[in-house]
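What follows is the residue order along each chain.
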Amino acid sequence: MREEDFFGCSTGQFLELLKALTVILTLPQSAADHVEALVVATGQGEEWRLTHAIRAWEANPKLRHLLVANGNPAERTYAEVTLDQLRSLGLRRVEGVHVQAEPAPNTGLQAAWVVDQVQACGIRSLALTVSPYHLARVYLTVLKTFTRRGMRLPIIPLPVAVSPDTPVPETGATAYDLVPGEARRILAYMEEGWVATPAELQAYLRWLWSRHRALLVGPDPAR
């Protein structure tokens, strides 16, 4: 990252951002095998977000719901998400698949739809899959939306398996190129109330680890 990428950012803000990225991205991904729903946020022409989610969905019959959030129609690579498209990418199990019908020009609208679906379907736990460079911002946005509605449930990060050197179809940039912009957005949106604050994230993870430890690390063999 270049120094100018964080012009105006205090050392304290940078450290809070670093802590948030660390505690989110090191949550045990194995817990995603035991949740009720898989959520994928589309965008940037990254078809691999969908193929990764579909592979996980098809491989795990314990998943009851697949929630596919729509993308931004202003993007050059935008394509409407449909069941036919998902079938072309390997989807076979369609029961429990929910696709956001309306376009979602930003992550906040994707998160609002996800929370609506969680409420409507009575979902009690979910895994969130998206490209690694974008995962922390999506996670914090979804968490903020749940917090606003007075809801708590396990949210497990499940980053897409993709090389950070892979060019993103929308811009040709790589994950290495895009991380600084994601970091700046997290700090800006935190100030604007769109993503969870460090205090909200810490309180949530304290709750998650105290109430759902068995989900995160498996049952205690001594019991």
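Scroll up a little and you will see the structure.
Caption draft 1: Summary view of the layout of surface pockets. Here the largest pocket is characterised by a volume of approximately 510 Å³. Around the largest pocket, the lining is made up of 23 residues, and of these N106, T107, H134, R137 and R185 lie nearest the centre. Elements with a minimum of two residues in the lining of the largest pocket: α4 (107-121), α5 (132-148) and α6 (175-192). Sort the elements by how many residues they give to the lining of the largest pocket and α6 lands first, with five residues. Here the residues of the lining of the largest pocket are counted per class, giving six nonpolar, twelve polar and five charged.

Caption draft 2: Seen up close, α6. Taking 1.5 Å per residue as the helical rise, α6 with its 18 residues ought to reach 26 Å, and the 25 Å between its terminal C-alpha atoms agrees with that figure. A175, P180, G181, E182, A183, I186, L187 and M190 are the residues of α6 that are buried. Contacts made by the buried residues of α6 are with α1 (11-25), α5 and α7 (198-211). Just downstream of α6, G193 is the residue with a positive phi angle, here 85°.

Caption draft 3: Expanded view of empty space enclosed by the protein. Scanning the entire structure with this criterion turns up one cavity of 30 Å³ or more. Within this model, the largest cavity holds a volume of roughly 40 Å³. Looking at the lining of the largest cavity, the elements with two or more residues in it are β1 (37-41), α4 and α5. The leading source of residues in the lining of the largest cavity is α4, at four residues. Across the lining of the largest cavity, the residue classes tally to nine nonpolar, two polar and no charged.

Caption draft 4: Here's a closer look at the packing of α5 against α7. Relative orientation of the contacting elements α5 and α7 amounts to 80°, with a least axis distance of 11 Å. Between α5 and α7, the angle is such that the two are roughly perpendicular. Here Y139, L140, L143, K144 and T147 of α5 come into contact with α7, specifically with E200, L201, Y204 and L205.

Caption draft 5: Structural view of the nonpolar core. By size, the foremost hydrophobic cluster in this structure holds 62 residues, and its most contacted members are V118, L126, L128, Y139, F146 and I155. Among the elements that take part in this core, α5 stands out by supplying eight residues, more than any other.

Caption draft 6: Structural context of the sheet that holds β1. Taken in spatial order, the five strands make up an open sheet running β3-β2-β1-β4-β5, and their pairing is parallel. Edge strands, defined here as strands with exactly one partner in the open sheet, are β3 (97-99) and β5 (155-157). Along the sheet, successive strands turn relative to each other by an average axial angle of 20°, direction set aside. Note: β1 against strand β2 (residues 65-69), five bridges, orientation parallel. Each bridged residue has a counterpart across the sheet, and for A41 the counterpart in β2 is A69. Relative to the sheet, α5 contacts β1, β4 (126-129) and β5, its axis offset from that of β5 by approximately 175°.

Caption draft 7: Summary view of the packing of α1 against α6. Close contact between α1 and α6 brings their axes to 11 Å; oriented N to C, the two are set at 105°. Between α1 and α6, the crossing angle belongs to the class labelled roughly perpendicular. Where α1 abuts α6, its residues Q13, L17 and L21 lie against A183, I186, L187 and E191. A class-by-class count of the residues in the contact of α1 with α6 yields five nonpolar, one polar and one charged.

Caption draft 8: Here's a closer look at the environment of I155. You can see I155 is positioned in strand β5. It is 9.8 Å that separates the C-alpha atoms of I155 and L38, two residues lying 117 residues apart in sequence. With residues up to four places along the chain from it excluded, the contact list for I155 reads L27, L126, L128, Y139, V142, L143, F146 and Y204.

Caption draft 9: Layout of the pairing of β4. The two faces of β4 match: L126 and L128 on one face and A127 and T129 on the other face are all buried. Where β1 lies against β4, four bridges are found, and the strand directions are parallel. When the bridges of β4 are listed, V40 appears paired with T129. The pairing of β4 with β5 spans three bridges and is parallel. Counted as the bridge partner of A127 is I156 from β5. In this view, the connection linking β4 to its parallel neighbour β5 by way of α5 has right-handed handedness.

Conventions used here
- Residues numbered from 1 in each chain as written.
- Predicted model: local features only at pLDDT ≥ 70, side-chain atom pairs only at ≥ 80, totals over all residues.
- Heavy atoms only, no water.
- 1 Å grid on protein atoms, 1.4 Å probe; cavity = no way out; pocket = protein on both sides within 12 Å on 5 of 7 lines; lining within 4 Å.
- Points joined across faces, edges and corners; volume = space filled by probe spheres on them.
- Helix = DSSP H or I, 4+ residues; strand = E, 2+ residues; numbered from the N terminus.
- Nonpolar A, V, L, I, M, F, W, Y, C, P; charged D, E, K, R; others polar.
- Expected span 1.5 Å × (residues − 1).
- Buried < 20%, exposed > 50% of the residue type's maximum accessible area, 1.4 Å probe, protein only.
- Contact = heavy atoms within 4.5 Å.
- Axes fitted to C-alpha atoms, helices over the stretch in contact; angles between N-to-C directions.
- Parallel < 35°, antiparallel > 145°, perpendicular 65-115°, else oblique.
- Core = buried A, V, L, I, M, F, W, Y, C linked by side-chain atoms within 4.5 Å.
- Pairing = 2+ DSSP bridges.
- Right-handed = clockwise from strand over helix to strand, strands pointing away.

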